[in-house]
Amino acid sequence: MKCSAMFLCAVIFCGCLAAQPATSQTPASRRIVIAASTLLDGKGGVLHNTRIVIEGTRIVAIDPHAGPVDYDLRGLTVLPGWIDAHVHITWSFGKDGKNAGPAATTPEAAYRAAGNAWVTLLGGFTTVQSVGSVQDFPLRDAINRGGLPGPRILTSGEPLSGRGEQTGTPEEIRAFVRKQKQAGSDVIKVYASGGMRQGPMTMSQDQLSAACDEARKQGLRTLVHAYRDAVRAAAIAGCTQIEHGLGASDEDLKLLAEKGIYFDPQAGLLLETYLHYRQNYAGTPYFPKTEAEFASMESILPMNHELMQRAVKAPGLKIVFGTDAVAGAHGRNAEEFVDRVRDCGVQPMAALVSANSLAAEALGMSGQIGSIAPGLEADIIALDGDPLQDITAVRRVVFVMKGGVVYKNEPPATLRPARPLR
Ligand SMILES: [Zn+2]
């Protein structure tokens with residue numbers, strides 16, 4: 001691999017201290033050729049010994065004869081940048097080390113959110129959907145303007161939180177959805193039930209149906225936090241995507257598949273993060289007060305695994321990749337692949353596709369991201385290893401390009417200098 005003249009590459013590779021916006025180094029006409037010996041196309045296909053041609057922000061050709069080569073990624077596994085359909089990008093630990101949640105608005109919190117975006121990108125995720133905080137808007141916009149390095153962010157802004165009758169009448173809920181659209185939301189987030197372990201639905205079928213119907217009329221998708229009965233209710237309401245889903249029956253999963261509703265259960269990263277950082281979370285809103293009480297969370301992990309195992313077997317069910325990454329999980333989103341494959345029997349290729357073309361489809365962005373094909377954004381990553389043989393290769397992201405800009409280009413331990421390509 002060579003560092004080329006790409007500025008950000010130089011920053012990382014050569015340790016330069018100067019910093020400039022990434023896009024200031026992205027001439028629209030710059031042509032880049034990447035050589036790959038193994039390329040996963042994001043849709044389940046594998047290509048060998050080919051080259052990707054990029055102009056500006058987009059892929060313009062897959063041509064084994066293209067040259068000269070700017071980035072020699074032979075010996076690695078090249079694939080589309082990953083998409084995480086459910087994160088909380090602004091969540092971080094505050095000065096006191098405690099979970100600061102979604103509402104922190106201090107300058108320190110803003111910098112920590114920018115740091116979350118940076119490590120998420122370096123971890124191979126070039127697009128994330130962050131759901132549930134208005135603090136996501138300025139971060140999304142700063143990255144889009146090229147002022148900060150980070151993944152492309154889609155966000156819900158303020159969520160619709162079910163509070164029984166207080167959630168509002170169907171008309172009031174419709175007005176809330178329209179207000180979110182005006183505020184610039186890319187998607188509507190709905191909390192339709194309580195937490196992982198207990199609690200009934202927090203809104204009625206009529207309220208939930210109003211939310212998802214109005215969003216559809218406004219051209220927006222809906223992501224619904226749902227456990228138990230709320231899963232079926234969200235399916236009946238025709239919502240776009242259902243999050244978490246513990247307590248869903250096989251009949252519920254069948255209904256989701258029939259209606260083409262995306263399902264986003266988590267296999268482990270979220271709970272592993274809570275358990276690992278229990279002292280940072282204990283006593284903060286919505287979390288157990290003592291570290292000892294966190295032990296009860298360990299019993300939920302097998303329930304997550306069991307649900308994913310059943311979901312994988314549901315014919316035609318579209319399981320999307322979403323980690324629910326919170327403070328402590330940013331940059332480690334790919335651990336969820338390991339959990340899905342190691343603990344839940346998900347096939348490695350299916351796990352990877354769920355974060356590529358399937359996630360792009362769920363976001364309504366199939367024409368822009370999620371696969372390596374002419375016309376799509378040049379979001380390309382490379383792993384040191386073969387994730388189809390050993391899923392832990394997802395931990396070794398050594399190359400990251402987003403929209404034609406290289407943000408990471410590290411020589412992998414296993415790569416020996418290759419014959420120069422012409
Ligand atoms: Zn969440």
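See the structure shown above.
Within every chain, residues take consecutive numbers counted from 1 along the sequence as written. Totals for whole chains, interfaces and linings use every residue, but because this is a predicted model, local features are given only for residues with pLDDT of at least 70 and side-chain atom pairs only at 80 or more, for both listing and counting. Water and hydrogen atoms play no part in the side-chain values, which are based on all heavy atoms of the structure.

Novice: Got a sec to walk through the overall build of the chain? Specific residues and values, please.
Specialist: Counting secondary structure elements, the chain contains 13 helices and 16 strands. Radius of gyration here uses only the C-alpha atoms, and the compact-globule reference equals 2.2 Å multiplied by the residue count raised to the power 0.38. On C-alpha atoms alone, the chain measures out to a radius of gyration of 21 Å, which is about the 22 Å that the 2.2 N^0.38 rule sets for 422 residues. Along the first, second and third principal axes, the C-alpha set of the chain runs to 65 × 45 × 45 Å. Considering the chain as a whole, with its 422 residues, one finds that 56% of them fall into the buried category. We call two residues in contact when some of their heavy atoms are within 4.5 Å. A separation of at least 24 residues holds for 68% of the contacts in the chain among residues at least 6 apart in sequence. Summed over all atoms, the accessible surface of the chain reaches about 17,000 Å², with 54% contributed by carbon and sulfur. Across the chain, the centroid of the 42 positively charged side chains sits 4 Å from that of the 42 negatively charged ones. Strands are runs of DSSP state E lasting at least 2 residues, helices are runs of H or I lasting at least 4, and numbering of each runs from the N terminus. Summary of the burial criterion: residues with accessible area below 20% of their type's maximum are buried, those above 50% are exposed, and those between are partly exposed, where the area comes from a 1.4 Å probe applied to protein chains only. Computed with the Shrake-Rupley method and a 1.4 Å probe, the accessible areas treat only the protein chains shown as cover for residues. Just so you know, the count uses Lys and Arg for positive and Asp and Glu for negative, and it drops His and the chain ends. Lysine's charge is taken at NZ, arginine's at CZ, aspartate's at CG and glutamate's at CD.

Novice: Go over the state of the cysteines, please, and point to the residues and values.
Specialist: A pair of cysteine sulfur atoms is labelled a disulfide when the two atoms are within 2.5 Å. Under the defined criterion, the tally for this structure stands at 1 disulfide. Between C212 and C239 runs a disulfide, and the two sulfur atoms are separated by 2.1 Å. Between C212 and C239, the S-S torsion sits near 95 degrees, and that sign places the bridge as right-handed. A residue pair is termed long-range when its members are at least 10 positions apart, and C212 in helix α5 (residues 205–217) and C239 in the loop between α6 (229–236) and β12 (241–244) qualify at 27 residues. The burial state of C212 is the same as that of C239; both residues are buried.

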